[in-house]
Amino acid sequence: MLLLNGITGFHVDALPEVDSLQFKRLCYWLANYSNGKILSFEEPHASQNFYKTELGLHNESIFILLNSSYPFVAFASSVQYFEIEFIDHTLSNMVCVINDGFRVLSAIETNQQLELDERTNSLFTENSLNEAELSQIFHWKPKTVGDVIFNFWD
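Residues numbered from 1 in each chain as written. Predicted model: local features only at pLDDT ≥ 70, side-chain atom pairs only at ≥ 80, totals over all residues. Heavy atoms only, no water.

A. A look at a nonpolar patch on the surface. Together, Trp29, Tyr33 and Ile98 give the surface a local cluster of nonpolar side chains, amounting to about 280 Å² of exposed area. Along the chain, the position of Ile98 falls in helix α2 (residues 91-98). (Patch = residues over 30% accessible without salt bridge, like charges linked within 9 Å, V, L, I, M, F, W, Y side chains within 5 Å. Areas by Shrake-Rupley, 256 points an atom, 1.4 Å probe, with all protein chains shown as cover. Salt bridge = Lys/Arg side-chain N within 4 Å of Asp/Glu carboxyl O. Helix = DSSP H or I, 4+ residues; strand = E, 2+ residues; numbered from the N terminus.)

This is the structure in structure tokens:
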């Protein structure tokens, strides 16, 4: 199950926080490994619940995302406000090899359709989300699991 209590950044109780320094080290290691370059690093803020690193490679630019509460990492080809294109990238295998506690989410997982039950304000998708999160979901109407885990809600 990916939709854990507090994953959206809206939580009732204190949640674990991910280690941003460990994430930065991972990103620099991936840049070095792929002969790429870190183009930008952005921390979570009021309307973004995830860390975002842009990695410049030989002929492309990709994004590495980390949820601010859980050690879930995803790769994206594009990150625009309310529109993230989740992808599988060969570098995801290296994250698994390093095995530093991060779990890489596949494009199949992040692009899974979110199933809302408008009648009961609940989800058909397996979850342990709290009431505040469910309220945000029914307000913002995300389409996928990835849109919940990596969101721009304020």
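That was the structure; now back to the text.
B. Geometry of the side chain of Ser69. With respect to the helices and strands, Ser69 occurs in the loop between β3 (61-67) and β4 (72-80). The class for Ser69 is buried, based on a relative accessible area of 7%. Apart from the residues lying within four places of it in its own chain, the contact partners of Ser69 are Gly6, Leu15, Pro16, Glu17 and Val18. (Buried < 20%, exposed > 50% of the residue type's maximum accessible area, 1.4 Å probe, protein only. Contact = heavy atoms within 4.5 Å.)

C. A look at the pairing of strand β5 (residues 83-87). Only one face of β5 is covered, namely the face carrying Ile84 and Phe86; the face carrying Glu83, Glu85 and Ile87 is uncovered. As defined by bridge partners, β4 adjoins β5 across five bridges and the pair is classed as antiparallel. Its bridge partner lying in β5, Ala76 is registered against Phe86. Counting the residues that bridge the hairpin from β4 to β5 gives two residues, and of these Phe82 lies at a positive phi of roughly 65 degrees. (Pairing = 2+ DSSP bridges.)

D. Highlighting unusual backbone geometry. Even without glycine at this site, Phe82 takes up a positive phi of about 65 degrees. For Phe82, the position within the fold is in the loop between β4 and β5. Residue classification places Phe82 among the partly exposed residues on the basis of a relative accessible area of 36%.

E. Structural context of helix α4 (residues 131-140). Considered for burial, the residues of α4 that qualify are Glu133, Leu134, Gln136, Ile137 and Phe138. With a side-chain oxygen lying 3.0 Å from the backbone nitrogen of Ala132, the N-terminal cap of α4 falls on Asn130. (Polar contact = N/O pair within 3.5 Å; in protein donor to acceptor, adjacent residues only side chain to side chain.)

F. Quick peek at helix α1 (residues 20-33). If you check α1, its first and last C-alpha atoms are 20 Å apart, about what 14 residues at 1.5 Å a residue would give, namely 20 Å. Within α1, the full set of buried residues consists of Phe23, Leu26, Cys27, Leu30 and Ala31. Buried residues along α1 cover an arc of 135 degrees about the axis, so they all sit on one side. Summarising the geometry of α1, the exposed residues directed more than 90 degrees from the buried face are Leu21, Arg25, Tyr28 and Asn32. Buried residues along α1 sit in contact with β1 (37-42), β2 (50-56), β3, β4 and α2. Two or three places before Leu21, at the opening of α1, Asp19 has a side-chain oxygen 3.0 Å from that residue's backbone nitrogen. (Expected span 1.5 Å × (residues − 1). Arc of directions from axis to C-beta.)

G. Region of interest: the nonpolar core. Counting residues in hydrophobic clusters, the biggest one holds 27 residues, and the most contacted among them are Leu65, Ile84 and Phe150. Among the elements of the structure, β3, β4, β5, α4 and α5 (145-149) are those that each provide at least two residues to this core. When residues of this core are assigned to their parent elements, the largest contribution, four residues, is made by β4. Dropping the residues within four chain positions of it, Leu65 is found in contact with Phe23, Phe50, Tyr51, Lys52, Phe72, Val73, Ala74, Ala76, Val79, Ile84, Phe86 and Phe150. Of all hydrophobic cores here, the second largest spans 20 residues; its members include Val18, Leu26, Leu30 and Val104. (Core = buried A, V, L, I, M, F, W, Y, C linked by side-chain atoms within 4.5 Å.)

H. Representation of the pattern of salt bridges within the structure. For the coordinates displayed, the defined rule picks out four salt bridges. Here Glu42 and Lys52 are joined by a salt bridge, their closest N and O atoms 3.5 Å apart. A residue pair is termed long-range when its members are at least 10 positions apart, and Glu42 in strand β1 and Lys52 in strand β2 qualify at ten residues. Using a relative accessible area of 14% as the deciding quantity, one classes Lys52 as buried. Residue Glu109 is joined to Arg103 by a salt bridge in which the shortest nitrogen-to-oxygen separation is 2.5 Å. When its relative accessible area of 36% is taken as the criterion, Arg103 is described as partly exposed.

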